[in-house]
Amino acid sequence: MGNADTKLHFRKAVIQLTTKTQPVEATDDAFWDQFWADTSTTVQDVFALVPAAEIRAVREESPSNLATLCYKAVERLVQGADSGCPSEKERQIVLNCTRLLTRILPYIFEDADWRGFFWSTVPGAGRAGHLDEDGIDDESRPLAESLLLAISDLLFCPDFTAQSHKKNSPDTAEDIRSIDSCEYIWEAGVGFAQSPPLNYIHDINRTELLKLLLTCLSEAMYLPPSSESKNPNPWVTFFCSSENRHALPLFTSLLNVVCAYDPVGYGIPYNHLLFSDHREQLVEQAVQILIVTLEHEAGSATGSALQALGTSAAPSEVEEQEPAGPDNLFVNYLSRIHREEDLSFILKGLGRLMNNPLVQTYLPRSTKKIQFHQELLILFWKFCDFNKKFLFFVLKSSDVLDVLVPILFSLNDARADPSRVGLMHIGVFILLLLSGERNFGVRLNKPFTLHVPMDIPIFTGTHADLLIVIFHKITTSGHQRLQPLFDCLLTIIVNISPYLKSLSMVAANKLLHLLEAFTTPWFLFSSRENHHLVFFLLEVFNNIIQYQFDGNSNLVYAIIRKRNVFHQLANLPSDTASIQRVLQKKKKSGISRTNSIEAESIERSRPADSVELGTLKASLVATPGIDKITAKSQVSVDGTMITVPTSDSPADTSAVGGASDTESNSERDHEAYHSESEAARSQLSSASSSSAAAWSANTDWVLSWKAKLPLQTIMRLLQVLVPQVEKICIDKGLTDESEILKFLQHGTLVGLLPVPHPILIRKYQANAGTAMWFRTYMWGVIYLRNVDPPIWYDTDIRLFEIQRI
């Protein structure tokens, strides 16, 4: 009964606020205390009892009352942070103010005229009489800064959100302003050795404060997407600046809580159905705060300048070091982590969580499954992008495969679901980043022996085989939204191909099947960019033949079996009559199929991506083309990378890498082709859809790229080996392919092939387009994942489009 009365009392206060036409004085504490003095309103109650329509009505009709409500709530949080919340009543007031601000803030952000309100100085909202470290009265601080500093203080409040180090008595209460929060880090891990005892009440309180913090940082959702925007999020900028004395312990606490979390625990079946796991909610909020705060436009350039610094054993020692690199301290700290035990802790923690969906037991649904896979992938991406020592640590051992397998699992699982195309993009981007490093290709040669629940053909082979098989399934799935990924998928295979020692027959056949599908005339002539996929595949074959011929008898055999595909490609008709005949046939047949690849699925348009949950879908900006997100590097003799300069002149690129006089013209043309096509594609990407629709294949266009097809190495292989294989089959009457494979295993092409071409690796490079895509994808995921309570539901989001389905 009492609970119903308090809700009614709270609801009456809300109605009073919406109906008052005159401003309520800030000094009228009896009125304002109605909103947070109640001890029984949950966050769900606040969202139900404060409707969106009434918040907007107050904003429009009584703006001074809404302003007073906001700064009075912030004032109570500041008072709670100053006092340390020694009593239960004060803690409840802090939580109620937290819930109320979480409810109201999105409606402040959605109105452009109100967006600057929190960055204005409001009398009474600061810590009156308190001076900060520079001797400035806190009362002159903008409301946003006071709010962020109060949240930070409250996240290290003994007996409220942190384990107290003193006995519980009024005489020994800890002064929150004087404590060293580095001693109150939430979990052992990076830079902190002690693991405080679990306290579910502390976890719940931390989660509520982090939810408010996430809401504060979400202003970016209410601004339209623009890759040209140079204005950083002011909330993130201040929170991650040196103004926040808790920046280091907060970063460490969030990171350690995420990486130390084990959702399975001792493995007791169905334990997640018997007990509430409050730590999981905290971990979800922590990983979301991390990915939002690790915002830095310069991308991977930040990491390289900071590697020598590294973190030390004690967080306080890091804090005393002279700041270097980006002003965002979260990015700064992340980029400086270098100790092997810290890197191992992070990799093992992220790997354990990413592998959680793959955990299998004999009892159905007996193991807890986490739901924040996409946030984990974004966090892993940011670690690799901002900290090159972490990236090299991941790649230096087979531990990288503990990340690869769950990513491939997610790609395979999501390929048939149009709503999860955003997840597929982040997974492919991570693999593209990893594939730019030689060690990744080398590690893929490890045999794949796991029993993972994936609907793929049974094969005996390596992790490289697994990657190729899954990429084949994605490419041939016939889903239109996956089209922009084709270039990325094949670029990854190109990057790893020089290091693949032994492809299985299954993987070899998948590659030849892709070539067979991509070289059909109707496919090549249907779009001005489709032939790029053929060049990628030919480069894969050339790399393996030139650099890994020994051990790849399966691929050589598959090439010999499908030799007609290469001959047909070399003799591709280019006269106008033949082109028109193909196009007319395609037009008449409508949606035709060739080798199970749908015609519609391979049109090269770039639709927007989306993330989806329940009945909502967030449509994101389109991803940039492969030429915009990669830069070519040439592998030198000693294994180092040399950046290949981009040139608009085909003649310039033919001399790249000091090509010898004996190098074939077709290989030099291959180099020229890439430079030429990438420049052309940059221009094409900005062309209007109408001009794309008006385009039609013609003789000049076909001849412009057909002459540059890098077929010489493959044709030479066929010229040498086909007669030998045919002869041995006739002489020995062979009908079993195992005998032919045995013959090919002992064969050699030394001295018979053209001079090996330089290995070209296309390394991921950050740019404004990908930064914008990651920002929209990240906030789209966060929007859809925070449904209890629905923080941003039914507000005027502008960063992406929300659709009810």
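Residues numbered from 1 in each chain as written. Predicted model: local features only at pLDDT ≥ 70, side-chain atom pairs only at ≥ 80, totals over all residues. Heavy atoms only, no water.

Engineer: An account of the overall build of the protein is needed here, citing residue identities and associated values.
Structural biologist: For the protein, the count of helices and strands is 37 helices and 8 strands. Expressed as a percentage of the 805 residues in the protein, the buried residues total 57%. Across the protein, every contact between residues at least 6 apart in sequence was considered, and the portion connecting residues at least 24 apart equals 79%. (Helix = DSSP H or I, 4+ residues; strand = E, 2+ residues; numbered from the N terminus. Buried < 20%, exposed > 50% of the residue type's maximum accessible area, 1.4 Å probe, protein only. Contact = heavy atoms within 4.5 Å.)

Engineer: Kindly report on the sheet that holds strand β7 (residues 759-764), identifying the contributing residues and their values.
Structural biologist: The antiparallel open sheet is built from 3 strands, whose spatial order is β6-β5-β7. Every other strand in the sheet has two partners, leaving β6 (641-643) and β7 as the edge strands with one partner each. Averaged over all pairs of adjacent strands, the angle between their axes in this sheet comes to 40°, without regard to strand direction. (Pairing = 2+ DSSP bridges. Axes fitted to C-alpha atoms, helices over the stretch in contact; angles between N-to-C directions.)

Engineer: Account for the nonpolar core, naming residues and giving values.
Structural biologist: Ranked by internal contacts, the top residues of the largest apolar core, which has 247 residues, are Phe35, Phe118, Leu147, Phe541 and Trp779. Residue contacts for Phe541: discarding those within four places in its chain leaves Leu511, Leu512, Leu515, Leu555, Ile559, Phe566 and Ile714. (Core = buried A, V, L, I, M, F, W, Y, C linked by side-chain atoms within 4.5 Å.)

Engineer: I'd like to hear about the pattern of salt bridges, residue by residue, with values.
Structural biologist: One pass over the structure, following the stated rule, counts 29 salt bridges. The shortest N-O distance in the salt bridge between Arg99 and Glu208 comes to 2.7 Å. On the criterion of sequence distance, the pair formed by Arg99 in helix α6 (residues 88-109) and Glu208 in helix α8 (residues 200-216) is long-range, its members being 109 residues apart. Like Arg99, the residue Glu208 is buried in the burial classification. One salt bridge in this structure joins Asp203 and Arg279, with 2.9 Å as the shortest N-O distance. Residue Asp203 is found in helix α8, and its partner Arg279 is found in helix α12 (residues 278-293); the two are separated by 76 residues along the sequence. Assessed through its relative accessible area of 3%, Asp203 is described here as buried. Salt bridges sharing common partners tie together Arg56, Arg59, Glu60, Glu110 and Asp111. (Salt bridge = Lys/Arg side-chain N within 4 Å of Asp/Glu carboxyl O.)

Engineer: Can you explain helix α26 (residues 531-547)? Please cite residues and give values.
Structural biologist: A rise of 1.5 Å per residue sets the reference length of α26, with its 17 residues, at 24 Å; its end C-alpha atoms lie 24 Å apart and thus fit the reference within 8%. Among the 17 residues that make up α26, 16 are buried, leaving the element largely enclosed by the rest of the structure. (Expected span 1.5 Å × (residues − 1).)

Engineer: For the packing of aromatic side chains, give the residues involved together with the corresponding values.
Structural biologist: Scanning the entire structure with this criterion turns up 31 aromatic pairs. Seen in terms of ring centroids, Phe31 and Phe35 are 5.8 Å apart; in terms of plane orientation they differ by 75°. Their pairing is edge-to-face. An aromatic cluster of three or more residues is present, and its members are Phe109, Trp114, Phe117, Phe118, Trp119, Tyr222 and Trp235. (Phe/Tyr/Trp six-rings, centres within 6.5 Å; stacked < 30°, edge-to-face > 60°.)

Engineer: So, helix α16 (residues 340-354): which residues are in play, and what are the values?
Structural biologist: Between its first and last C-alpha atoms α16 spans 21 Å; for 15 residues at 1.5 Å apiece the expected length is 21 Å, and the two agree. Regarding α16, the residues found buried are Asp342, Leu343, Ile346, Leu347, Gly349, Leu350, Gly351, Leu353 and Met354. Looking at the packing, one finds that the buried side of α16 touches α10 (247-260), α17 (373-386), α18 (388-395) and α19 (400-414).

Engineer: How would you explain the side chain of Arg415 if you had to name every residue and give the values?
Structural biologist: Mapped onto the secondary structure, Arg415 falls in the loop between α19 and α20 (421-435). Not counting residues up to four positions away in its chain, the partners in contact with Arg415 are Met424, Asp455, Lys473, Ile474, Ser477, His479 and Leu482.

Engineer: Account for the pairing of strand β5 (residues 630-635), with residues named and values stated.
Structural biologist: Each regular strand carries side chains that alternate between the two faces of the sheet. The buried count for β5 comes to 5 of 6 residues, which makes it a mostly enclosed element. Judged from the 6 bridges that link them, β5 and β7 form a sheet pairing that is antiparallel. Directly across from Val635, in β7, lies its bridge partner Ile759. Relative to β6, β5 runs antiparallel, the two sharing 3 bridges. Of the residues in β6, the one forming a bridge with Val635 is Met641.

Engineer: Give me the packing of α17 against α18: which residues, what numbers.
Structural biologist: Look at α17 against α18: their axes get within 5 Å of each other, and the N-to-C directions meet at 110°. On the basis of their axis angle, the class for α17 and α18 is roughly perpendicular. Of the residues in α18, those touching α17 at Phe380, Phe383, Cys384, Asp385 and Phe386 are Lys388, Phe390, Leu391 and Val394. Broken down by class, the residue content of the contact of α17 with α18 amounts to 7 nonpolar, no polar and 2 charged. (Parallel < 35°, antiparallel > 145°, perpendicular 65-115°, else oblique. Nonpolar A, V, L, I, M, F, W, Y, C, P; charged D, E, K, R; others polar.)

Engineer: Provide a residue-level description of the confidence of the model for the protein, including the pertinent values.
Structural biologist: Residue-level pLDDT values for the protein average 82, and 78% of them are 70 or greater. Under a pLDDT of 50 for its full length, residues 124-129 has, in the predicted model, 24 contacts with residues more than four places off or in other chains. Segment residues 591-607: pLDDT under 50, and 57 contacts once partners within four positions in sequence are set aside and those in other chains are kept. (pLDDT = per-residue confidence, 0-100.)

Engineer: Kindly report on the environment of Pro224, identifying the contributing residues and their values.
Structural biologist: Residue placement: Pro224 occurs in the loop between α8 and α9 (234-239). Spatially, the C-alpha atoms of Pro224 and Leu799 are 4.6 Å apart, while their sequence positions differ by 575 residues.

Engineer: Break down unusual backbone geometry for me, citing the residues and quoting the values.
Structural biologist: What you tend to see is this: most non-glycine residues have negative phi, and most peptide bonds are trans. The amide bond that connects Asp788 to the next residue, Pro789, takes the cis arrangement and shows omega of 0°. Relative to the assigned elements, Pro789 resides in the loop between α37 (768-785) and β8 (801-804). The backbone of Cys85 shows a phi angle near 50°, a positive value even though the residue is not glycine. Positionally, Cys85 belongs in the loop between α5 (63-83) and α6.

Engineer: Account for the packing of α16 against α19, naming residues and giving values.
Structural biologist: Relative orientation of the contacting elements α16 and α19 amounts to 25°, with a least axis distance of 9 Å. Taken together, the axes of α16 and α19 lie roughly parallel to each other. The two elements α16 and α19 cross, and the hand of that crossing is left-handed. Note on element contacts: α19 touches α16 through Asp402, Val403, Pro406 and Ile407, opposite Leu347, Gly351 and Met354. (Left-handed = near helix turned anticlockwise from the far one by under 90°.)

Engineer: Could you give an account of the environment of His513, with specific residues and numbers?
Structural biologist: Positionally, His513 belongs in helix α24 (residues 505-518). Using a relative accessible area of 17% as the deciding quantity, one classes His513 as buried.

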